[in-house]
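One-letter residues, chain by chain:
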Amino acid sequence: MALVSSDNTISILFGVGDGTPKPQATVSTGKHTVAIAVADFDGDGNMDLATANQADNTISVLLSDGKGAFVSQTPVPTNDAPYYIESGYANNVSVRFSPCVLRLCE
């Protein structure tokens, strides 16, 4: 589970497999994050995150290290304040990260 916070971070709760979460991990994002998408953007088998950040007109891509942490965010500029982001699968294969593949609804 990933939760948006008002301090330009998201809180991530990984499960331990019995219905309970591990301790919360906090990751920095862009300013005023309003949406989160989850997919394997880099094709390594781990679920990554992308966020829509309205106040700085960016999306942030956070790649999973496969051990319960994410590498620092990679901001991607947008034309205007994004308020929605989604990821998808085609033929049961995750769509790889690319600014032109992630659908930004502005």
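The coordinates are above.
In this text the structure is predicted, and so the values were computed from the model without any measurement.

Novice: In this structure, what is going on with the overall build of the chain? I would like to understand it.
Specialist: Secondary structure summary: the chain contains zero helices and 11 strands in total. Secondary structure elements of the chain occur, N-terminal to C-terminal, as β-β-β-β-β-β-β-β-β-β-β. Every one of the 106 residues in the chain was classed for burial, and the buried ones make up 32%. Relative to all contacts within the chain whose residues are 6 or more apart in sequence, the contacts with residues 24 or more apart total 34%. Surface summary for the chain: the accessible area is close to 6000 Å², and the carbon and sulfur share equals 51%.

Novice: Would you take a moment to explain the sheet that holds strand E7 (residues 74-77) for this structure?
Specialist: Sheet strands associate in pairs through backbone hydrogen bonding, adopting either a parallel or an antiparallel arrangement. Spatially, four strands are ordered E4-E5-E6-E7 in an open sheet, and the strand pairing comes out antiparallel. Unpaired on one side and paired on the other, strand E4 (33-39) and E7 mark the two borders of the sheet. Between one strand axis and the next, the sheet turns through 20° on average, direction left out of account. By the bridge criterion, six bridges tie E4 to strand E5 (residues 48-53) in an arrangement that is antiparallel. Looking at E5, one finds that Ala35 is bridged to Ala52.

Novice: Any chance you could explain the pairing of E5 here in plain terms?
Specialist: Where a strand is regular, its side chains alternate between the two sheet faces. Most of E5 is tucked away: six of the six residues are buried. Because side chains alternate across E5, one face comprises the buried residues Asp48, Ala50 and Ala52, and the other comprises Leu49, Thr51 and Asn53, equally buried. With five bridges connecting them, E5 and strand E6 (residues 58-62) associate as antiparallel partners. Residue pairing across strands places Thr51 opposite Ser60, the latter belonging to E6.

Novice: Any chance you could explain the environment of Thr9 here in plain terms?
Specialist: Relative to the elements of secondary structure, Thr9 occurs in strand E2 (residues 9-12). Look at Thr9 and you get buried, because its relative accessible area is 10%. Once residues lying within four places of it in the same chain are set aside, the contact partners of Thr9 are Leu3, Val4, Thr26, Val27, Ser28 and Thr29. For Thr9, the side chain forms a polar contact with the side chain of Asp7, separated by 2.5 Å.

Novice: How should I be thinking about the environment of Tyr84 in this particular structure?
Specialist: Along the chain, Tyr84 turns up in strand E8 (residues 84-86). On the basis of relative accessible area, Tyr84 is assigned to the partly exposed category, the value being 36%. For the pair Tyr84 and Ala35, spaced 49 residues apart in the sequence, the C-alpha separation amounts to 5.6 Å.

Definitions and limits used
- Residues numbered from 1 in each chain as written.
- Predicted model: local features only at pLDDT ≥ 70, side-chain atom pairs only at ≥ 80, totals over all residues.
- Heavy atoms only, no water.
- Helix = DSSP H or I, 4+ residues; strand = E, 2+ residues; numbered from the N terminus.
- Buried < 20%, exposed > 50% of the residue type's maximum accessible area, 1.4 Å probe, protein only.
- Contact = heavy atoms within 4.5 Å.
- Areas by Shrake-Rupley, 256 points an atom, 1.4 Å probe, with all protein chains shown as cover.
- Pairing = 2+ DSSP bridges.
- Axes fitted to C-alpha atoms, helices over the stretch in contact; angles between N-to-C directions.
- Polar contact = N/O pair within 3.5 Å; in protein donor to acceptor, adjacent residues only side chain to side chain.

Remember that the coordinates give geometry; whether it matters functionally is a separate question.
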